[in-house]
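One-letter residues, chain by chain:
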Amino acid sequence: MGLPQKKLFAKDEYLLLEEKADTKHELVNGEIYAMAGAKENHVKITGNIFRNIANHLIESSCDVYSSDMKLSAGFDCYYPDVFVKCDPEDNDELVKEKPILVIEVLSESTKHFDIGDKLQN
């Protein structure tokens, strides 16, 4: 007997599950991964970046988002620390696409993934 096959999820399936989830998850290569909470320094750095970009864009048509908004990248979905999008036709309230800037504050546990496959996507 072979090993059981791992279930892979399509983006639409993931989005339906994520809308009802109590915690945040990312979709990577069809697999769903729970997200861990951030440490204090990470939160401070992310907050400062968000605030400065938001202040800079205050009279712009662009929007800045924090790590509570999903970003679609190909077949995957992430919660970047900060991202900016300027597409007025992107009015989906649950997931955004086509950012002009994505910022990830690196941590020891995720930096290799963040600067590898995630950056490529």
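Quick look at the structure, then.

The rules we used
- Residues numbered from 1 in each chain as written.
- Predicted model: local features only at pLDDT ≥ 70, side-chain atom pairs only at ≥ 80, totals over all residues.
- Heavy atoms only, no water.
- Pairing = 2+ DSSP bridges.
- Helix = DSSP H or I, 4+ residues; strand = E, 2+ residues; numbered from the N terminus.
- Axes fitted to C-alpha atoms, helices over the stretch in contact; angles between N-to-C directions.
- Core = buried A, V, L, I, M, F, W, Y, C linked by side-chain atoms within 4.5 Å.
- Buried < 20%, exposed > 50% of the residue type's maximum accessible area, 1.4 Å probe, protein only.
- Contact = heavy atoms within 4.5 Å.
- Phe/Tyr/Trp six-rings, centres within 6.5 Å; stacked < 30°, edge-to-face > 60°.
- Disulfide = S-S within 2.5 Å.
- Salt bridge = Lys/Arg side-chain N within 4 Å of Asp/Glu carboxyl O.

Some remarks on the sheet that holds strand β3 (residues 63–66)
So, step 1. Pairing in this open sheet of three strands is antiparallel, and the strands run β3-β6-β8 from one edge to the other. At either end of the open sheet lies a strand with only one pairing partner, and these are β3 and β8 (99–103). Sheet twist, expressed as the mean angle between neighbouring strand axes with direction ignored, is 15°.

So, the nonpolar core
So, step 1. In terms of nonpolar packing, the biggest core is built from seven residues, these being Ile-53, Leu-57, Cys-62, Val-64, Val-82, Val-84 and Ile-103.
So, step 2. Those residues in contact with Ile-103 that lie beyond four places of it in its chain are Ile-49, Ile-53, Pro-80, Asp-81 and Val-82.
So, step 3. Core analysis: the second largest hydrophobic core is formed by six residues, Tyr-14, Leu-27, Cys-77 and Val-95 among them.

Details of the packing of aromatic side chains
So, step 1. Tallied over the entire structure, the rule returns one aromatic pair.
So, step 2. On the basis of an interplanar angle of 25° and a centroid distance of 5.1 Å, the ring pair of Tyr-65 and Phe-83 is categorised as stacked. Here Phe-83 lies in strand β6 (residues 82–85) and Tyr-65 lies in strand β3, a separation of 18 residues in the sequence.
So, step 3. Tyr-65 gets classed as buried once you look at its relative accessible area, which sits at 16%.

Points about the state of the cysteines
So, step 1. Summed over all chains, the structure comprises one disulfide.
So, step 2. There is a disulfide in this structure between Cys-62 and Cys-86, and the S-S distance comes to 1.8 Å. Every disulfide takes its handedness from the sign of the S-S torsion; for Cys-62 and Cys-86 that torsion is 105°, giving right-handed. Taken together, the positions of Cys-62 in the loop between α2 (40–56) and β3 and Cys-86 in the loop between β6 and β7 (95–96) put the pair 24 residues apart, joining distant regions of the chain.
So, step 3. Cysteine Cys-77 is unpaired, with the sulfur of Cys-86 as its nearest cysteine sulfur at 20 Å.

Looking at the side chain of Thr-46
So, step 1. The topology assignment puts Thr-46 in helix α2.
So, step 2. Given the relative accessible area of 10%, Thr-46 is considered buried.

Some words on the pattern of salt bridges
So, step 1. The final tally for this structure, using the stated rule, is three salt bridges.
So, step 2. With a closest N to O distance of 3.2 Å, Glu-13 and Lys-7 form a salt bridge.
So, step 3. Between Lys-44 and Glu-40 there is a salt bridge, with the nearest N and O atoms lying 3.3 Å from each other. Of this pair, Lys-44 and Glu-40 are both found in helix α2, four residues apart, which corresponds to roughly one turn of the helix.
So, step 4. In this structure Glu-40 comes out as exposed when scored by relative accessible area, which is 56%.

Looking at unusual backbone geometry
Excluding glycine, most residues fall at negative phi; most peptide bonds, likewise, are trans.
So, step 1. Positive phi values are uncommon outside glycine, yet Asn-29 reaches one of about 50°.
So, step 2. With respect to the element layout, Asn-29 can be found in the loop between β1 (25–28) and β2 (31–34).
So, step 3. Accessibility expressed as a relative area gives 55% for Asn-29, which makes it exposed.
So, step 4. The residue Lys-98 is not glycine, and still its phi comes out positive at about 55°.
So, step 5. Summarising the element assignment, Lys-98 is placed in the loop between β7 and β8.
So, step 6. Lys-98 sits in the exposed class, given a relative accessible area of 60%.

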